[in-house]
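# Residue-level structure breakdown
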Amino acid sequence: MRVNVEKLCSKLLQIRSLSGDEKAVVDFLKDLFTRLEFDEISVDRYGSIVGIIRGERPGKKLLFDSHIDTVGIPKPEDWAEDPFGGQIRDGRVYGRGSSDMKGPLAAAIAGVAEFVHEHGRDFAGDIMISGIVHEECFEGVAAREISKKHKPDYVIICETTDLKLNYGQRGRMEVRIETFGKPCHSSNPSEGINAVYHMAELIPEIAKVKLGHDEDLGPGIMELVDICSQPYPGASVVPARCLATYDVRTLTTDSAESILASINEAIDLLSSKIPDFKAEASLVESSAVCYTGEVISAKRFFPAWKSDPDSAESRAILDAMENAGLPRAKGVYSFCTNGSHYGGEAGLTVYGFGPSKEEQCHMDDEYIEIAHLQKAAEVYRRICGNLLGLED
Ligand SMILES: [Zn+2]
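Residues numbered from 1 in each chain as written. Predicted model: local features only at pLDDT ≥ 70, side-chain atom pairs only at ≥ 80, totals over all residues.

### Some points on the sheet that holds strand β5 (residues 92-94)
Read from one edge to the other, the open sheet built from 3 strands follows the order β4-β5-β21, with strand pairing classed as antiparallel. Here the strands that pair on one side only, and so sit at the sheet edges, are β4 (88-89) and β21 (367-369). Of the strand pairs in this sheet, β4 and β5 are connected by 2 bridges, and their pairing is antiparallel. What sits directly across from Ile 88, in β5, is Val 93. Docked against the sheet, helix α1 (residues 5-13) engages β4, β5 and β21, running at close to 10 degrees with respect to β5. (Pairing = 2+ DSSP bridges. Helix = DSSP H or I, 4+ residues; strand = E, 2+ residues; numbered from the N terminus. Contact = placed C-beta atoms within 7 Å. Axes fitted to C-alpha atoms, helices over the stretch in contact; angles between N-to-C directions.)

See the structure below:
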């Protein structure tokens, strides 16, 4: 069976699937994979779906990875298009998740279906397509189940790359910093310790923390993203606590421990200089409920990853691109993907290739170009032949 990529993309866009509410898309994919005669279809405890096509001969396992959750629509009135209409118009498919990333998923399915249409099961190895839940806020966490159960050898992250080969991304970490003071009436502040003043001393010290620079991934970044005193509002009370959150963009040489250690150095320095200075830094933890009822939770450190841009696998993908009429262009992601798990945690051979551009994700009137969808499907089809044909 062959798949019309823009029609499949449009259908997927008509099924709402905010993070934690992806069941309807999973049911749709289960039915589609069944009609496409996949050999195995499974849904895990978080609700992510994987469909597998097994070649006649043993070989490597190739995974095309996509997530099926989308971000919401904060202001529907700012959309000219129906976010859940899946309109196909002027060479584009419109809707929430078209670029991020139901379009790329549709292209992966269409490409694999075309490969099987041509070759049947006359190939070595397995081809797997994943539809992962809860990626938007938990990059790579639900993906842990996939690599544990299905053990892919090669992972293609289908997130948008503007039809380039992406071979890495910075990681992401959320650090919570808390200063502790002593409350008192603000008419007599000398009786207390103002935690906000202590935070104000700490922020410039944290700004001095040296972060690395990667020639491909760019600089490590540590940015203050929110700050809050307690009690809030203060109402004549000297605040006893102050909380700040930092968004950290990490490199492959960083770990959660190494970043926290450099922040703790700044804290120790001030503790030795300022009487009663007390502060703590910790990794933010969060959890959410999956549609299956399972709770997904994570310490918010999603590591960076970088694969060899000149490996045999990389060349096999670049050949697929070139044979599809694309330049052999390489790059890296600026946002975080499930590659954090596959590359950063599991150490697998991971590359990104996908239609559309990063700046088209999460925007009002999100769309994807049909020409990109078709080109990506062709490259995915060729990747199946090229990667599964690689000698050990
Ligand atoms: Zn995405």
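### Quick notes on the domain arrangement of the protein chain
Examined at the domain level, the protein chain breaks down into domain 1 (5-170 + 304-388) and domain 2 (172-287). One C-alpha centre belongs to domain 1, the other to domain 2, and the line joining them spans 38 Å. Each partner contributes to the interface: domain 1 provides 9 residues, whereas domain 2 provides 9 residues. Of all the secondary structure elements, the ones that give two or more residues to the side of domain 1 that touches domain 2 are β8 (165-169) and β18 (305-306). Of the residues belonging to the side of domain 1 that touches domain 2, the class tally is 4 nonpolar, 2 polar and 3 charged. (Domains from an automatic or database assignment. Nonpolar A, V, L, I, M, F, W, Y, C, P; charged D, E, K, R; others polar.)

### Here we look at the packing of helix α7 (residues 312-323) against helix α9 (residues 370-388)
Remark: α7 packs on α9, axes separated minimally by 8 Å, with the N-to-C direction vectors making an angle of 140 degrees. Considering the angle they form, α7 stands oblique to α9. Two packed elements cross with a definite hand, and for α7 against α9 that hand is right-handed. Mapping the contact onto sequence places Glu 313, Ala 316, Ile 317, Asp 319, Ala 320, Met 321 and Asn 323 in α7 and Val 379, Arg 382, Ile 383, Asn 386 and Leu 387 in α9. Considered class by class, the residues forming the contact of α7 with α9 number 7 nonpolar, 2 polar and 3 charged. (Parallel < 35°, antiparallel > 145°, perpendicular 65-115°, else oblique. Left-handed = near helix turned anticlockwise from the far one by under 90°.)

### Remarks on helix α3 (residues 98-119)
For α3, with 22 residues, the first-to-last C-alpha span of 29 Å sits near the 32 Å given by 1.5 Å per residue. Summarising burial for α3: 19 of the 22 residues are buried, a large majority. Positioned one or two residues after α3, Gly 120 has a phi angle of 60 degrees, which is positive. (Expected span 1.5 Å × (residues − 1). Buried ≥ 20, exposed ≤ 12 C-beta atoms within 10 Å, placed from the backbone.)

### Overview of the nonpolar core
Proteins that are soluble and globular tend to have nonpolar side chains buried together. Of all hydrophobic cores here, the largest spans 79 residues; its most connected members are Ala 106, Val 112, Ile 156 and Tyr 380. Of all the elements, α3 adds the most residues to this core, at 11 residues. Leave out the neighbours within four places in its chain, and Tyr 380 touches Phe 64, Ala 107, Ala 108, Gly 111 and Val 112. Counting residues in each nonpolar core, the second largest holds 22 residues, with Val 175, Ala 195, Phe 277 and Ala 281 among its members. (Core = buried A, V, L, I, M, F, W, Y, C linked by C-beta atoms within 7 Å.)

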